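Working through the structure, step by step
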2 protein chains.
Amino acid sequence: MSYYDYKVAGPTPPPALTDKLRLYHVDMNPYGHRVLLILEAKKAKYEVYRLDPLNLPTWFKAKNPRLKIPVLEIPTEHGDKYLFESVVICDYLDEKYAANPLHSRDPYVKAQDRLLIERFNELIKGSLECFDTNFAFGSEQIIQTLDIFERELAVRGTYYFGGDRPGMLDYMIWPWVERLYLLRCVNERKFDEKRTIFPNFADWGDQMQLDRVVKKHANSPAEYFEYYKNARTHTMGYYL
Amino acid sequence: MSYYDYKVAGPTPPPALTDKLRLYHVDMNPYGHRVLLILEAKKAKYEVYRLDPLNLPTWFKAKNPRLKIPVLEIPTEHGDKYLFESVVICDYLDEKYAANPLHSRDPYVKAQDRLLIERFNELIKGSLECFDTNFAFGSEQIIQTLDIFERELAVRGTYYFGGDRPGMLDYMIWPWVERLYLLRCVNERKFDEKRTIFPNFADWGDQMQLDRVVKKHANSPAEYFEYYKNARTHTMGYYL
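So, here's what we can say about the structure. What you are looking at is a predicted structure, and each value in this text was computed from that prediction instead of being measured.

About the criteria used
Residues numbered from 1 in each chain as written. Chains lettered and ligands numbered in written order. Predicted model: local features only at pLDDT ≥ 70, side-chain atom pairs only at ≥ 80, totals over all residues. Heavy atoms only, no water. Buried < 20%, exposed > 50% of the residue type's maximum accessible area, 1.4 Å probe, protein only. Helix = DSSP H or I, 4+ residues; strand = E, 2+ residues; numbered from the N terminus. Pairing = 2+ DSSP bridges. Least-squares fit on C-alpha atoms with pLDDT ≥ 70 in both. Contact = heavy atoms within 4.5 Å. Axes fitted to C-alpha atoms, helices over the stretch in contact; angles between N-to-C directions. Parallel < 35°, antiparallel > 145°, perpendicular 65-115°, else oblique. Salt bridge = Lys/Arg side-chain N within 4 Å of Asp/Glu carboxyl O.

A few words on the pairing of strand β4 (residues 71-76) of chain A. All names here are of chain A. Here β4 lies mainly inside the structure; five of its six residues are buried. Bridge count between strand β2 (residues 21-25) and β4: three bridges; the pairing is antiparallel. Across the sheet, L23 pairs through a bridge with L72, a residue of β4. The pairing of β4 with strand β5 (residues 79-83) spans five bridges and is antiparallel. Looking at the pairing, I74 lines up with K81 of β5. What sits between β4 and β5 in their antiparallel hairpin is a turn of two residues.

For the rest of this paragraph, the subject is the relation of the copies chain A and chain B. Each copy of the sequence occupies a distinct position, and chain A is placed on chain B by a rotation of 180 degrees and an axial shift of 0.0 Å, giving an RMSD of 0.0 Å. Taken together, the rotation and translation describe the operation of a two-fold axis. With an isologous cut-off of 70% or more, the 100% of interface residues of chain A that recur at the interface of chain B puts this contact in the isologous class.

Time to look at the packing of helix α9 (residues 188-197) of chain B against helix α10 (residues 199-210) of chain B. All names here are of chain B. Relative to each other, α9 and α10 sit at 110 degrees, their axes nearing to 5 Å. As the angle between them shows, α9 and α10 are arranged roughly perpendicular. Where α9 approaches α10, its residues R195, T196 and I197 are matched on the opposing element by P199, A202, D203 and D206.

A separate point is the pattern of salt bridges. Residue and element names in this part refer to chain A. In this structure the tally under the stated criterion is 44 salt bridges over all chains. Across the pair D147 and R151 runs a salt bridge, and its minimum N-O distance is 3.3 Å. Residue D147 and its partner R151 are both found in helix α6 (residues 139-156); the two are separated by four residues, about one turn of the helix. A residue is classified by how much of its surface remains accessible, and D147, at 32% relative accessible area, is partly exposed. For R151, a relative accessible area of 49% translates into the label partly exposed. Where salt bridges share partners, they join K7, R22, E47, K63 and E73 into one cluster.

Structure, rendered in C-alpha cells:
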C-alpha cells in the first residue's frame, strides 16, 4: 500500500503555508497520483490533505468553485494560491524547482512529449470504460494507445521515455499504467500474452516499478482491483 | 485584409526545409492565426502553405493521418518534422527562439496563463455556436468568459495580460477576439454597450489592434462577417 503522511481536510481550513507545499488529494485518484510522483521526483517538501469527494468542505468549495481535484496550494507574492490541472501543476513544479529536471531541454522533444501526454487520454478513456463495465470493454482504445507508446520507445531506443531515467512523460502516464496491472487479476493469461505484443512497453513497466519515486506512491494490482470493483458502484467523477 | 506571402499546397510535396519554418494553414482558421502571430512575434523566418481543407493533398494526409491543422514543419536532428496543436507549437516557438520571450518567467504566472488559455475554450465554444446559429445563440458563454478576463486584467493592473506588452496569453486568445468584432456588424448598439460592461477588456482590444504583430495578420470585422455568414453553410471543422 502506498505510504504517505496525510491529514484529513476537515470543517475548518488548514493554516497558512509555512515551509511546505500542500496537495489536496482524493485517495486513489490518478490525477493526484501524478502530482504526488512529481512532488517526490523533485524532492519538494509537501503535505497531503485528503478530501472526501462526496463531502467537500465549504471553505474548499469557496476557493475552488469548479471543484477541480487535485489542487496544489503554493506560496506566491500575493499569498497562498490554488493551482489546478495535474499537467499544469506538474509543469509548474518542474520549472519552479531546478533539481532533477523532468522535461527534455530540447524544445522539440518537449513538444512531442506534451502531445503524447495528450494522446494518452485515449487510454484513460479506455480504462474508464473498461473498469466501469466489469472489465469487459474499452480494451481497443487501450491497445491502440499502447501500440503508439510501444513504437515510441522503439524509436527512442531508451529504457524510459525520458532517456536513462524517468522524465515527465513517464510519470504523467504511469498512474494509469500502474492501474492496468489489475487486469492481471481478471485474466492472468490474457494479460501476460500482451507482454509479447508490447515487449518494450512491458520492460518499461518493469523498470518503472523499481523506481524510487514510483515505489513511494505505489499500490498493488490486488489493491486496485479491490478498489475499482467497488468504486464502480459509487458515485463517479473522481475515480479515474 | 491580412497580408502574408503564401504558397498553395499542391499535389507534390514541398521541398526539404532550408532556412525557414513552414506553416500549413487553412485560410481564416483561428488556430493557425495563433501560430502566425507567434511566428511574427518571435521574428522567425517562415513560409505559409495554404491548404484547401476539402481537398487535402495525399502527401499531407500520409504524414498527418489525424488531419490536424495547423501544422508547423520544423528542422530537427532527425530531419524535418511535423508539429501539431497550436498551443504546443506556440510554446515550442517561444522556447526555441530566445528573442522576445512571451511567457512569464514566473512559473506561477505562466501556470495561471495556461489555465486561462484553457478556460478561454468556453468562449471559443460560445463563438462557434453563435456564428453557427445566424449570430443568435452562444453569447452567454462569451459573456461569462469575458467577465473572467475583465476581472483578470483588473487584478493584474496592466494594459496587457503579459504586462506592458502582449505575451503568450494575449496572442493565444486574440484570434477569437478579433473575430468577435464582427458582431458589431450584426448589432452596433448592442456591441458598443458591452464596452461599458467590460471596460478593461475593451481597452485591451483597442491596444491589441495597434500591435505590430496583430496588424500583420489582421482582418476587418466586415471581412470576418462576410466569411462567417457564408462559412456557416460550408462543411465545418476547420472554421472556428
